[in-house]
Amino acid sequence: MDCHIYGVPKFNTIKIFLLTAFFFLSINVHASALPRKPSSSSNSPQINSNSVLVALLDSRYTELAELVEKALLLPTLEDAVGKHNITIFAPRNVALERDIDPEFKRFLLEPGNLRSLQTLLLFHIIPNRIGSGEWPAGLAGDPTHSTLSNDRLSLASKGSGVKTVDVAAVVHLDAVVRPDGVIHGIERLLIPRSVEEDFNRRRSLRSISAVLPEGAPEVDPRTYRLKKSVSVPAGAPPVLPIYDALAPGPSLAPAPAPGPGGPRGHFDGESQVKDFIQTLLHYGGYNELADILVNLTSLATEMGRLVSEGYVLTVLAPNDEAMAKLTTDQLSEPGAPEQIMYYHLVPEYQTEESMYNAVRRFGKVRYDTLRLPHKVMAQEADGSVKFGEADGSAYLFDPDIYTDGRISVQGIDGVLFPPEEKDTEPETKTSRPAKVIIAKSRRGKLMEVACRMLGAFGQDSHFTTCQ
C-alpha cells in the first residue's frame, strides 16, 4: 500500500518521513550524551572507598574513629572532604586509653558535653593537605594552620629531625595517604584551650569550697516578704521559720528527718548539698542550676545549713533548656535568682512516687515553698505530675535524680513562677437605711376604759388616742 498524504505529492511525503526520523534520532543522541543526575536526593558529596575517612575508620587508630562516630562528626567531615583535602593528626590508641585522665574522658563522653567533644576532635583536623614534604623545616616562625574548630595549630621540626604538632611529637609520618587527605600519627591527645577551660569550670563546680554559712533569709512577719540575709551565730536555729518542715501535709510522703534541737552538726548538710550538686553534674543537663546554686548565689551554703539543722528539702530542678529561656530582665534585678530558686525549694521530703500518689488521691496539692507565702500547685497530667498553672507550668521530667532521705531532687522541664499578686480592694459596705421605730404612747387605765366603751358604739375611730 502506498503511503500518500492528501494534498501532498508522493516525493514530498518521503522527505517529511526522513526528516522526522533524523530529528528523533538526534534527540536520543543528545539525551544519552548529557550527564545523568544522581538518584540520591541528598546534596552531600559522595565518599568513595578510597577516601581518607574510610581509611581512618579502618585504620589502627580505632579509639579516634570511635570518638568521631560518638561525636556525630561524619557528615561534617564528609562535607569538608568534598570541598578540599584534609590532614588528620591521629593520637595513638594508648594515648586515648591509658594516658588520658579518666575524669577528663568521662567529661568528654557525657551527653551534655557533646560540643566540647566535637571541638576537641575538629582541633586535630586541618582543612588542607600537609604531607611530610610540605612540613615546615626548623623552629623559625612556627607557622600556624587553622583547624576545623577555628583554632590554630603550630607545626615545627626540631634539630633532631623530630616533627611536632603543637605540644605532641609525630610518631608516624604519612601513616595513611589517600587522594583526598593524609593521616599522621601523634603521641598524645591535643586539647584546645576552650575545652580545657570548660572542663576546669565544671570541675570547680564539683569541688565546692567550704564556705561558712551566712544563715537563711529572714522573713518579715508583717508583710511575709524576704529581708536581707543576716548572719546567724553558730549553734543557733535558722532564721527562716519553715513552719511545715516537719509535716508532709496532705501528701503521702515518707517520714521526715528529725527536726532541729540537737547539737550542731547532727547532720553534715554541707556534704549532702555537695553530693547532690555533684550528682546533678554527673547526670547531665542541669549545669545551669548548679552554677546558680554555687556561683551566682549562696543558696548552696544556706541549704547546707538547713539540712545540718535537721530540715528536709525537695528541689524542683529546671533543666538547662528551661533555664536558657530566662530573659535578662528576669535575672537582672537584685535578688532575682534567689527569688526564683526559693520558689523551687519545698520544705518537705517528696519523691516521685509520693507526689504522684498525692495528686492521684487529692487531685490538686499545694506545696509550701521557701518563697513565703507562695505555694506551688501540683496536679496529675498525662500520667505524670504537673507543677504550676496555665503557661507557667512544668512537668516532672527526670524523677528522683537524687534521694538520700533528707534532700530530694526532681527534674522538671520548665521554670516556675508564682502567680501574680492581685491587689485585693477593700469591700465597700453599703449602708442600709435605718428603720425609724416610733414608740407608741402608753394610755392610762381610764382612757383604756373610755376607748373600749366608744368601741362598743363604733365611735373609737373618731379619736386618734384610741387608734
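Now for a quick tour of the structure.

Cut-off values and rules
- Residues numbered from 1 in each chain as written.
- Predicted model: local features only at pLDDT ≥ 70, side-chain atom pairs only at ≥ 80, totals over all residues.
- Heavy atoms only, no water.
- 1 Å grid on protein atoms, 1.4 Å probe; cavity = no way out; pocket = protein on both sides within 12 Å on 5 of 7 lines; lining within 4 Å.
- Points joined across faces, edges and corners; volume = space filled by probe spheres on them.
- Nonpolar A, V, L, I, M, F, W, Y, C, P; charged D, E, K, R; others polar.
- Pairing = 2+ DSSP bridges.
- Helix = DSSP H or I, 4+ residues; strand = E, 2+ residues; numbered from the N terminus.
- Axes fitted to C-alpha atoms, helices over the stretch in contact; angles between N-to-C directions.
- Parallel < 35°, antiparallel > 145°, perpendicular 65-115°, else oblique.
- Left-handed = near helix turned anticlockwise from the far one by under 90°.
- Contact = heavy atoms within 4.5 Å.

Size it by volume and the second largest pocket reaches roughly 330 Å³. Every residue lining the second largest pocket is counted, 16 residues in all, and those nearest its centre are V167, R188, L189, L190 and I191. Classifying every residue of the lining of the second largest pocket gives 9 nonpolar, no polar and 7 charged.

Turning next to the pairing of strand β13 (residues 394–403). Summarising the sheet, strand β12 (residues 384–387) and β13 pair through 2 bridges and their orientation is antiparallel. Counted as the bridge partner of K386 is Y395 from β13. Hairpin geometry of β12 and β13 is characterised by an intervening segment of 6 residues between the two adjacent antiparallel strands and by a positive phi of about 80° at G388. Two elements, β13 and strand β14 (residues 407–412), share 4 bridges in a ladder whose sense is antiparallel. Among the inter-strand pairings, T403 is bridged to a residue of β14, identified as S408. As consecutive antiparallel partners, β13 and β14 are separated by 3 residues, and within that stretch G405 has a phi angle of approximately 95°, a positive value.

Glancing now at the packing of helix α9 (residues 269–283) against helix α11 (residues 299–308). Packing of α9 against α11 leaves a shortest axis separation of 7 Å and a crossing angle of 130°. The angle between α9 and α11 falls in the class oblique. Note that α9 runs across α11; the crossing there is right-handed. Residues G269, E270, Q272, V273, F276 and I277 of α9 pack against A300, M303, G304, R305, V307 and S308 of α11.

This next bit is on the sheet that holds strand β6 (residues 168–178). Spatial ordering of the open sheet is given by β2-β1-β7-β6-β5-β4-β3, a layout of 7 strands whose pairing is mixed. Every interior strand has two partners, whereas the edge strands, β2 (125–126) and β3 (144–146), have only one. As paired elements, strand β1 (residues 86–91) and strand β7 (residues 181–186) share 6 bridges and run parallel to each other. Each residue of the ladder has a partner; that of A90, found in β7, is G185.

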